[in-house]
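A closer look at the structure
Each chain, letter by letter, is given below.
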Amino acid sequence: MDALDLKLLEDLTSDGRTSYAELGRKYGLTRVSIKERIDKLRAEGIIENFTITISPEATGKHVSAFFEIDVEPIHLDGVAHALAEEDAVENLYLMTGSSTLHMHALLRDMDDLERFVLERIYALKGISRVQTHMILKRYKSRRGGLRL
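How each quantity is defined
Residues numbered from 1 in each chain as written. Predicted model: local features only at pLDDT ≥ 70, side-chain atom pairs only at ≥ 80, totals over all residues. Heavy atoms only, no water. Helix = DSSP H or I, 4+ residues; strand = E, 2+ residues; numbered from the N terminus. Pairing = 2+ DSSP bridges. Axes fitted to C-alpha atoms, helices over the stretch in contact; angles between N-to-C directions. Contact = heavy atoms within 4.5 Å. 1 Å grid on protein atoms, 1.4 Å probe; cavity = no way out; pocket = protein on both sides within 12 Å on 5 of 7 lines; lining within 4 Å. Points joined across faces, edges and corners; volume = space filled by probe spheres on them. Nonpolar A, V, L, I, M, F, W, Y, C, P; charged D, E, K, R; others polar. Parallel < 35°, antiparallel > 145°, perpendicular 65-115°, else oblique.

Within the secondary structure layout, A80 lies in helix α4 (residues 76-84). The spatial distance from the C-alpha of A80 to the C-alpha of Y93 is 8.5 Å, given a sequence separation of 13 residues.

Shown next, in the form of C-alpha cells:
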C-alpha cells in the first residue's frame, strides 16, 4: 500500500459510493487506474466489502446496549453460536479480561431489552453473569472505517 491507497481508503470510508471517475479527477488519474487500485485492495483483503449504514433509530431500534457475558468454558461455543443467530445482535466478540463474551445489540425499547436478556441470554445453558451497559449518547462511531 502506498500513500494514494491510504487516501483512497479514507475517501471510501467517508463515502463508499464515490465513483471511480470522481476519485480519478481528485487524484489526477483515470477511472480505470482507480478501479484497478481498488480491485487490488479488495483482492488483498484490505477492503472486505462495501456496505451501507442504516440508522437504528429510523428502523425502530431505540436501545443500543453492550453486554459483558461470562460463560462456563464448556458452553462457550454453543452460547456464542446461539447469540450470533439473534437478529438483535450486531457484534459479538470473545474477549480477554473479566468477561468472556462482549456483545452489542440493538433493540426496540426497554421492554424488548428485558425480554432479550431474560428469554434469549439467560435461557442459554452455561451463562454465569450478564452485565448490561446502555449507550446514552454517541459521540463517534467509525462503523468499519479506519483512521489512517
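The next subject is the sheet that holds strand β1 (residues 63-71). Within the open sheet, the four strands sit side by side as β2-β3-β1-β4. Their pairing is antiparallel. This sheet does not close on itself; its edge strands, each paired only once, are β2 (89-94) and β4 (127-134). Along the sheet, successive strands turn relative to each other by an average axial angle of 20 degrees, direction set aside. Two strands pair when backbone bridges link them, and β1 and strand β3 (residues 101-107) are joined in this way by seven bridges, in the antiparallel orientation. The residue of β3 that forms the bridge with E68 is H102. Across the face of the sheet, helix α5 (residues 110-121) comes into contact with β1, β2, β3 and β4 while running at roughly 20 degrees to β1.

All right, on to the layout of surface pockets then. For the second largest pocket, the calculated volume is near 160 Å³. Looking at the lining of the second largest pocket, the elements that each hand over two or more residues are β3 and α5. If you tally residues by element for the lining of the second largest pocket, the top one is α5, at five residues. A breakdown of the residues in the lining of the second largest pocket according to their chemical character gives four nonpolar, no polar and eight charged.

Their axes nearest at 8 Å, the elements helix α2 (residues 20-27) and helix α3 (residues 31-43) cross at an angle of 105 degrees. It follows that α2 is roughly perpendicular to α3 by the angle criterion. Mapping the contact onto sequence places Y20, A21, L23 and G24 in α2 and R31, I34, K35, I38 and D39 in α3.

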